[in-house]
Amino acid sequence: MIGVSITFFGVLLLAVIAYAGWSSNQTAIERERTLLENALNQSIAGALDQQKSVAWWDDAVVKITKNAIDLDFVDANFGIFLTETYGHDEVYILDGSDRPLYAFWEAERRDPSTFERRRQTVAGMLAELWRGEHPNLKLRPDIFSESQGNYRLLAGAVQAARWAGHIISVDGRPAVVAALTIVPNVDMSLLKGKPNVLVSITYIDEAFVAKIGRSLLLLDLGLSPKPAQGDGVLSEAFVGDDSVAMGYLSWTTRRPGHVLLTIILPLVAFGVIATAVLSMTILRRLRQASDELALRESQARYEAKHDALSGLPNRVYMVEKIESFLRVAGRGQRRAVAAYIDIDRFKDINDTLGHEAGDHLIKLVAARLKARLRPKDFLSRFGGDEFVILTVPAAPGGDAGLAERVSHAFASPFSINGQSIRVTASVGIALAPDNGVTADELMRHADIALYQAKNTGRDRAVLFAAEMASEVEHRRSIELELRAALESELLRLHYQPIISCRTGDIVGVEALLRWYHPVHGEISPAAFIPIAENSGLLPELGEWVLDRAMSDAARWPKLDVAVNLSPVQFRHVDLDATLRALVAKHDVDPGRFVLEITEGVLLKATDHTGSILKAIGSMGFKTALDDFGTGYASLAYLCNFKFDKIKIERSFVSSVSKLDTSRRIVQSVVTLGRGLGMDIVAEGVETETEAVMMAELGCTELQGYYFSRPIDADAMTELLRVFQPWHLVRAVRAAGE
Ligand code: C2E
Ligand code: CA
């Protein structure tokens, strides 16, 4: 639209300029023509004027009569005077009846009869002179009469003064032919009858034309038989008043529009084109920009609803969608299924293989899930490693099918960075309307089912059941409170002494975490540590424990301090960095610290596990294999990894007095451990009997309620002050000797 109007106005402007140029040229030509015409008229009037100087004269009337002509007088005043003074070429005098009385041409008086050769030519003009207009002659404005306004002759009663003037062809040559009656200028009575007539012919030759040209500033005005050629040259046919063509008048016109047409018009045309091109470019840019804007807007709208990594719809989109799923299901009296999917131990993958690998896994999982779903199912990613599927199964009980499809998606290992990794997922499923009729309720219940799936061993799908809610709520609240407790230092470390069988003295302590809950009272670490592990709180919690233990360790410079490490913490990539930083911070000897690791860590042994163990060892920390004997075939680990201590699990200690198998197992562990140069710690020693037996079986250290419950640091300091070396030591030693 804008383009069209620019073109329209551009063309209009050019047309106006072109027209202005053309018309000013035309006007100039018109003017030049008029001027020329005027000049010719003037030349006629001039000829008449010149004739008048002698023809309207009393003497002329008197000296030229039919009967007697004073030839000397006539020669001097007519023939010679007019030809020499005014350049007339031929001069004739006729009587009232057009009979020739006198002729003068080519500088000589001629026989009057020579007029006959011109009679034909001037006949029309003579007729005009006597009777007014002649039909065959062009009418010219009578400039002569206008210039005679105050001449007495014209004002007077005598109407004898007559004249006629024309440009006509004489022998094919253009000529100004003028005829004027010879009448008195003073004494009118001298005129008798019809007056004589003076006729003169002045040829229009080059000189004649050139003179007119000069007067009109048309310097090259010329007369030629053929039209002249040239730039800006105008050639007009020169036609006599008798309609005879006598060649061409040519001159260079001024062409005032020339500049307009040759300079301004092209300039403006250029300007118009440039403007058009410019505005087209601007328009195109504008359109591009607005297209881009629209695109970006739609992209933004898309991005707002989609997850950048997997390209799946995000939570926002899911929330929008779930209502419509519920409606569709409600209409068909069917169930809507919401499934929460969480990749098991995704954080570990992220931590050990790096975030890029984690991202890659997310994409692969998204693709696999997508491939398993039907087109109408809705798959979205909630960020992290959580996905949600919404579906309305065609058949009742379709949720089982969904669980299967999800588990199929994880059946084969994923290939990440060239490694083949087996990944499992936990799924929480909730059905509408059974488990909730609002989107909110449904999603919350699916989430609870997921939580349950995670806590019952992962790699499974769990359908929501009402009783889960309260349990999960409880764990949830603990999780939240634990976070708060960590922040507000409601956690404490207690210490339980470890007694050397050799000296009977306290040689070390084990740091054990305590949480005093304002409502629930003391909560066992056995209960809240797994919650911390699951909620990602553990790295922080573990660091807090290490930090506190190292700071408390300064109070008991002679004791070793054992600290429990969670598998989660252990797998945490920067454990060695954390330890190094803490050692530096507290300026402690790592050799005083025993890091207790459960078999769980070794069970999932990877290169990473090995290298961390090595790093810990090379820093100088001692290591202990905790809870030894809790069910795994652990003996192999003892050979693979070099531990400083083995801690025999409490159940062995308590059953050793009753079960032979326990005794034998303990016996072989002690033999093997001591053979490898390790200390053997008996945990959970509650009675003197147990203490003696474990000592006798070869354990090097003892720990348990029998000696002391875990107590706070102040109590520990006090205990150290009052502690009497265990009195059975000597007996045991004696027994051993
Ligand atoms: P654990 O490493 O096996 O710790 C020994 C547990 O046995 C402690 O329970 C201790 O109080 C208890 N105990 C000691 N002597 C006796 C006894 O004679 N009889 C009985 N029945 N029990 C005895 P606690 O403090 O409840 O800790 C439970 C578990 O929580 C610990 O088992 C350890 O695995 C974990 N834990 C405690 N503190 C921490 C910690 O700071 N970090 C990590 N990651 N885990 C911790
Ligand atoms: Ca322990």
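Attention here is on the structure that accompanies the text. Note that the structure is predicted; figures quoted are calculated from it, not measured. Every residue gets a number counted from 1 within its own chain, in the order that chain's sequence is written. Starting at A for chains and at 1 for ligands, labels are handed out in the order in which the entities are written. With pLDDT at 70 or above as the cut-off, local features in this predicted model cover only qualifying residues; side-chain atom pairs require 80 or more to be listed or tallied, and sums for whole chains, interfaces and linings still use all residues. Neither water nor hydrogens contribute to the side-chain values; these are computed over all heavy atoms in the structure.

## Side note on the site of ligand 1
(1) Moving on: Nearness of a residue to a molecule or strand requires only that one of the residue's heavy atoms be within 4 Å of it. The environment of ligand 1 is formed by 23 residues, the closest being Gln 496, Arg 514, Asp 627, Glu 686 and Tyr 705.
(2) Moving on: In this structure, Glu 510 approaches ligand 1 through a side-chain N or O atom, which is 3.4 Å from an oxygen atom.
(3) Moving on: Contacts to ligand 1 include Asp 627, whose side-chain N or O atom sits 3.0 Å from an oxygen atom.
(4) Moving on: Secondary structure counts use DSSP, requiring at least four H or I residues in a row for a helix and at least two E residues in a row for a strand, with both numbered from the N terminus. Secondary structure elements with two or more residues in the shell around ligand 1: β18 (506-517), α15 (525-534), β20 (560-565) and β22 (622-628).
(5) Moving on: A total of four residues in the shell around ligand 1 trace back to one element, the largest contributor, which is β18. Here a polar contact means two N or O atoms within 3.5 Å. Within protein one must be a hydrogen donor candidate and the other an acceptor candidate, and residues neighboring in sequence count only if both atoms are side-chain atoms.

## Thoughts on the coordination of the calcium ion (ligand 2)
(1) Moving on: Keep in mind that water is not among the atoms, so a site may look incomplete; donors are the N, O and S atoms within 2.8 Å of the metal, or 3.2 Å for Na, K and Ca. Bound to the calcium ion (ligand 2) are the protein donor atoms Glu 510 (OE), Asn 564 (OD1), Glu 596 (OE), Asp 626 (OD) and Asp 626 (OD), situated 2.2 to 3.1 Å from the metal.
(2) Moving on: Each label reflects the angles at the metal, where four donors whose angles all fall between 85 and 135 degrees are tetrahedral, four or six donors whose opposite pairs open beyond 155 degrees and whose other angles stay between 65 and 115 are square planar or octahedral respectively, and the rest are irregular. Between the six donor atoms coordinating the calcium ion (ligand 2), the angles at the centre fall across 44 to 164°, so the site counts as irregular.
(3) Moving on: If you list the donors of the calcium ion (ligand 2) from N- to C-terminus, the spacing comes out as E-x53-N-x31-E-x29-D. Here Glu 596, found in strand β21 (residues 593-598), pairs with Asp 626, found in strand β22; they are 30 residues apart in sequence, far enough to count as distant. There is no split in this pair, since Glu 596 and Asp 626 are both buried. The cut-offs for exposure are 20% and 50% of the maximum accessible area for each residue type, with area from a 1.4 Å probe on protein chains only; residues under the lower value are buried, those over the upper are exposed, and the others partly exposed.

## Thoughts on a negative patch on the surface
(1) Moving on: Residues enter patches when they are more than 30% accessible in relative terms and free of salt bridges; like-charged ones are connected within 9 Å and nonpolar ones (Val, Leu, Ile, Met, Phe, Trp, Tyr) within 5 Å. Residue-level accessible areas treat just the shown protein chains as cover; the underlying method is Shrake-Rupley with a 1.4 Å probe. Each reported salt bridge corresponds to a side-chain nitrogen of Lys or Arg within 4 Å of a carboxyl oxygen of Asp or Glu. The charged-residue count follows a simple rule in which Lys and Arg add positive charge and Asp and Glu add negative charge, with His and chain termini not counted at all. The atoms used to mark charge sites are NZ of Lys, CZ of Arg, CG of Asp and CD of Glu. A cluster of acidic side chains, namely Glu 487, Glu 540, Glu 543 and Asp 574, defines a negative patch on the protein surface.
(2) Moving on: As for its placement among the helices and strands, Asp 574 is situated in the loop between α17 (567-571) and α18 (575-586).
(3) Moving on: Overall, Asp 574 belongs to the partly exposed group, its relative accessible area being 34%.

## Things to note about the packing of helix α14 (residues 466-487) against α15
(1) Moving on: Angular values range over 0 to 180 degrees, each being the angle between N-to-C directions of two axes fitted as lines to C-alpha atoms, with helices fitted over their stretch in contact. Two elements in contact, α14 and α15, have axes separated by 10 Å at closest approach and are oriented at 80°. By the criterion of interaxial angle, the relationship of α14 to α15 is roughly perpendicular. Contacts between α14 and α15 involve Arg 475, Ile 478, Glu 479 and Leu 482 from the first element and Phe 528, Ile 531, Ala 532 and Asn 534 from the second.
(2) Moving on: Each residue is assigned to one of three groups, with Ala, Val, Leu, Ile, Met, Phe, Trp, Tyr, Cys and Pro labelled nonpolar, Asp, Glu, Lys and Arg labelled charged, and all others, Gly among them, labelled polar. Split into classes, the residues belonging to the contact of α14 with α15 amount to five nonpolar, one polar and two charged. By the definition adopted for this analysis, an angle is roughly parallel if under 35 degrees, roughly antiparallel if over 145, roughly perpendicular if from 65 to 115, and oblique otherwise. We call two residues in contact when some of their heavy atoms are within 4.5 Å.

## Notes on the pattern of salt bridges
Side chains carrying opposite charge are able to pair once their charged atoms draw close together.
(1) Moving on: The tally for this structure, following the rule as stated, stands at 34 salt bridges.
(2) Moving on: One salt bridge connects Glu 37 with Arg 140, and the closest N-O pair in it is separated by 3.2 Å. A residue pair is termed long-range when its members are at least 10 positions apart, and Glu 37 in helix α1 (residues 2-55) and Arg 140 in the loop between α4 (116-131) and α5 (143-147) qualify at 103 residues.
(3) Moving on: Note on Glu 37: relative accessible area 31%, which makes it partly exposed.
(4) Moving on: Since its relative accessible area comes to 12%, Arg 140 is described here as buried.
(5) Moving on: Close ionic contact of Arg 296 with Glu 292 constitutes a salt bridge, the shortest N to O distance being 3.4 Å. Of the two residues, Arg 296 and Glu 292 both sit in helix α8 (residues 257-305), four residues apart, roughly one turn of that helix.
(6) Moving on: Residue classification places Arg 296 among the partly exposed positions, given a relative accessible area of 49%.
(7) Moving on: Owing to a relative accessible area of 44%, Glu 292 belongs among the partly exposed residues under this scheme.
(8) Moving on: The structure contains a network of salt bridges with shared partners spanning Glu 37, Lys 138, Arg 140 and Asp 241.

## Section: the nonpolar core
(1) Moving on: Membership of the largest hydrophobic core comes to 79 residues, with the highest contact counts inside it found for Leu 491, Tyr 495, Phe 570, Phe 621, Met 694 and Leu 702.
(2) Moving on: The element that contributes the greatest number of residues to this core is helix α16 (residues 538-553), accounting for eight residues.
(3) Moving on: Residues contacting Leu 491, with those up to four places away along its chain left out, are Leu 482, Ala 485, Leu 486, Leu 513, Arg 514, Trp 515, Leu 541 and Trp 544.
(4) Moving on: Working definition of a nonpolar core: buried Ala, Val, Leu, Ile, Met, Phe, Trp, Tyr and Cys residues. They are joined through side-chain atoms within 4.5 Å. Among the nonpolar cores identified, the runner-up in size contains 49 residues, and Phe 73, Val 74, Leu 101 and Ile 167 belong to it.

## Things to note about the side chain of Asp 95
(1) Moving on: Relative to the elements of secondary structure, Asp 95 occurs in the loop between β1 (90-94) and β2 (100-105).
(2) Moving on: Once you skip the residues sitting within four places of it in the chain, Asp 95 turns out to touch Lys 66, Leu 101, Pro 195 and Asn 196.

## Regarding the packing of aromatic side chains
Aromatic ring pairs: the centre-centre distance and the angle between the two ring planes describe each pair.
(1) Moving on: Note on ring pairs: Phe, Tyr and Trp rings are taken, using the six-membered ring of Trp, and paired if centres are within 6.5 Å. Classes follow the plane angle, with under 30 degrees stacked, over 60 edge-to-face and the rest tilted. Enumeration according to the criterion identifies 16 aromatic pairs in this entry.
(2) Moving on: Consider the rings of Tyr 495 and Trp 556, whose centres lie 4.8 Å apart with planes at 70°: the pair is edge-to-face. Residue Tyr 495 is located in strand β17 (residues 491-500), and its partner Trp 556 is located in the loop between α16 and β20; the two are separated by 61 residues in the primary sequence.
(3) Moving on: Trp 556 gets classed as buried once you look at its relative accessible area, which sits at 2%.
(4) Moving on: Ring pairs connect the aromatic residues Trp 56, Phe 144 and Trp 163, which therefore count as one cluster.
(5) Moving on: Lysine NZ or arginine CZ positioned within 6 Å of the ring centre and within 35 degrees of the ring normal marks a charge as sitting over the ring. Taking NZ or CZ as reference, Arg 110 lies 4.3 Å from the ring centre of Trp 105, over its face.

## Regarding the side chain of Glu 690
(1) Moving on: Tracing the chain through its elements places Glu 690 in helix α24 (residues 688-696).
(2) Moving on: We note that Glu 690 is buried and unpaired, the nearest opposite charge coming from Lys 658 at a distance of 6.0 Å.
(3) Moving on: If near-sequence neighbours (up to four positions away) are discounted, Glu 690 is found in contact with Val 653, Ser 654, Gly 684 and Val 685.

## Details of a nonpolar patch on the surface
(1) Moving on: A grouping of Phe 8, Phe 9, Leu 12 and Val 16 is seen on the molecular surface, where their side chains present a nonpolar patch of about 410 Å² in accessible area.
(2) Moving on: In this fold, Phe 8 is placed in helix α1.

## Description of the packing of helix α13 (residues 439-455) against α14
When two helices pack together, their arrangement is captured by the angle between the axes and the distance separating the axes.
(1) Moving on: As a packed pair, α13 and α14 sit with axes 10 Å apart at the nearest point and diverge in direction by 75°. Classified by the angle their axes make, α13 and α14 are roughly perpendicular. For the pair α13 and α14, the contacting residues are Arg 444, Asp 447, Ile 448, Ala 449, Tyr 451, Gln 452 and Asn 455 in the first and Met 468, Ala 469, Glu 471, Val 472, Glu 473, Arg 475, Arg 476 and Glu 479 in the second.

## Looking at the environment of Leu 223
(1) Moving on: Relative to the helices and strands, Leu 223 is located in strand β7 (residues 222-224).
(2) Moving on: Its relative accessible area of 14% is what places Leu 223 among the buried residues.
(3) Moving on: Separated by 13 residues in the primary sequence, Leu 223 and Ala 210 have C-alpha atoms spaced 8.7 Å apart.

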